[in-house]
Amino acid sequence: MSAAGSALQHAWSTDNPVFAAYVFYSGVLVLKMLGTTLLVVRQRFAKKVVMNPEDRMDKNSKVLPTGGDPDVERPRRAHMNDLENIPAFWVTGLLYCLTNPAPALAVNLFRAYTAARIMHTIVYAVVPLPQPSRIIVFVVGVTITTYMAISTIIHFA
Amino acid sequence: MSAAGSALQHAWSTDNPVFAAYVFYSGVLVLKMLGTTLLVVRQRFAKKVVMNPEDRMDKNSKVLPTGGDPDVERPRRAHMNDLENIPAFWVTGLLYCLTNPAPALAVNLFRAYTAARIMHTIVYAVVPLPQPSRIIVFVVGVTITTYMAISTIIHFA
Amino acid sequence: MSAAGSALQHAWSTDNPVFAAYVFYSGVLVLKMLGTTLLVVRQRFAKKVVMNPEDRMDKNSKVLPTGGDPDVERPRRAHMNDLENIPAFWVTGLLYCLTNPAPALAVNLFRAYTAARIMHTIVYAVVPLPQPSRIIVFVVGVTITTYMAISTIIHFA
């Protein structure tokens, strides 16, 4: 078996602690992102604000375009921010595993990213906090993804 | 060759029927998602509603912000719902293959998810149907992704 | 070791030039997509247009819903178009590597896709150009993703 074959096995093998951590935290982020949908749905039910005529719950329901209700907007924007960031982490983290990073560094990057994104949703849409709390957790996430992407590009350039 | 190496080969090998099914249905979902873009474009041409001044087709074209035209909004929201759900499936399905699920279960989850998302687009933006049709197919999709994510997290915890 | 096992190693091995190119260009696209966020942030600071009350920079800041300011909207829509297209490329490119494509073809598809998406952002939000410049680079990207997805589906059908 070639050295390259071995290298692949180590990188995306489930007994590589870096890869196993990637899989675990990516799964957590899937649940976190789907959970943010629930925050939007909760506000839609509470305010009876729907997007389409066929979604009316009763005659008090309001059909409003995107942005029509501020209480729905807040979790919707938190969710939107997830869509802008988390899929990028999923692919970057997977590819970063191929660069054979130091396990302690890589695992802590995955952990910090996941914590930052959970905090982002909390300070944005669960218990809105004054800035710069949301900016800080946002920048932590973007910085980690950027670092992993640059490491990967350099490794494969 | 180590047992771990073998495990990886079985999980993401193209002769693993679970993984081959994942690849096939993920490809179908790529085409489905790109196809929803065409539904939006079709309405933009039909209504001559564009997003930017430079996109005007003729002097009857209207430049409207997001949400400005209900016939454009409907497929756009279907597409938006895809963005909120399908990338999460792509990563979750890939990682779920690593948990060595029963092939019959896994293949049918991938199949049901793909069918649910195709139905979602149809009942939302092709032949709008009364609720709860869209809610049902939406919940089927989210439930499958959630199940696969939880299975993966437990397996790697 | 089975032939199938070997096939996997060649497909997602870092010494497969197709896969190495996929990893490299996917990383570039991560940075490009995160960079588009900066274009949005730049306009928000320049116009002092924020999304949430807690984001106000000073008393001249305006809290506007999505679509409220055309200069913010332009990079935001470029970013939105990225979200609709680039995650689909990430998964499609990864799966397309499994079809053992001709390296010269595959590497040039990844390269052309990446160039098209960088051009898309430039002509949309950096130096807005008249149509059909944006349509052309958009269609190049969608065509490449569609081609790779169809190739993958046929290979695994």
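Here the structure is a predicted model, which is why all the values come from computation and not from measurement.

K.L.:
Hey, could you run me through the packing of aromatic side chains in this one?
P.N.:
Centre-to-centre distance and the angle between the planes together describe a pair of aromatic rings. Residue and element names in this part refer to chain A. For the structure on display, the rule yields 30 aromatic pairs over all chains. Ring geometry for tyrosine 96 against phenylalanine 110: centres 6.4 Å apart, planes inclined by 85°, an arrangement best described as edge-to-face. Here tyrosine 96 is found in helix α3 (residues 70-96), whereas its partner phenylalanine 110 is found in helix α4 (residues 103-126), with 14 residues between them in sequence. Of the two residues, tyrosine 96 and phenylalanine 110, neither departs from the other in class, the shared state being buried.

K.L.:
Just checking my understanding: could you explain the interface of chain C and chain B for this structure?
P.N.:
Reports often express the size of an interface as the amount of accessible area lost when the parts come together. Between chain C and chain B, the contact holds 36 residues from the first and 32 residues from the second. Across the interface of chain C and chain B, roughly 2,700 Å² is buried in total on both sides, 72% from carbon and sulfur atoms. On the surface where chain C and chain B come into contact, there are three salt bridges. B:Asp55 is paired through a salt bridge with C:Arg134; the nearest N and O atoms lie 3.0 Å apart. Seen at the junction of chain C and chain B, the total is six residue pairs in polar contact (both at pLDDT 80 or more). Secondary structure elements with two or more residues in the side of chain C that touches chain B: α1 (3-11), α3 (70-96) and α5 (133-156) of chain C. If one sorts the elements of the side of chain C that touches chain B by residue count, α3(C) sits on top with 14 residues. For the side of chain C that touches chain B, the class distribution of residues is 22 nonpolar, eight polar and six charged.

K.L.:
Would you explain the side chain of A:Asn85 in this entry?
P.N.:
Following the sequence through the fold, A:Asn85 ends up in helix α3. With relative accessibility at 5%, the residue A:Asn85 sits in the buried group. Excluding residues that lie within four positions of it along the chain, A:Asn85 makes contacts with A:Tyr113, A:Arg117, A:Phe138, A:Val142 and C:Leu34.

Conventions adopted
- Residues numbered from 1 in each chain as written.
- Chains lettered and ligands numbered in written order.
- Predicted model: local features only at pLDDT ≥ 70, side-chain atom pairs only at ≥ 80, totals over all residues.
- Heavy atoms only, no water.
- Phe/Tyr/Trp six-rings, centres within 6.5 Å; stacked < 30°, edge-to-face > 60°.
- Helix = DSSP H or I, 4+ residues; strand = E, 2+ residues; numbered from the N terminus.
- Buried < 20%, exposed > 50% of the residue type's maximum accessible area, 1.4 Å probe, protein only.
- Contact = heavy atoms within 4.5 Å.
- Buried area = accessible area lost by both parts, 1.4 Å probe.
- Salt bridge = Lys/Arg side-chain N within 4 Å of Asp/Glu carboxyl O.
- Polar contact = N/O pair within 3.5 Å; in protein donor to acceptor, adjacent residues only side chain to side chain.
- Nonpolar A, V, L, I, M, F, W, Y, C, P; charged D, E, K, R; others polar.

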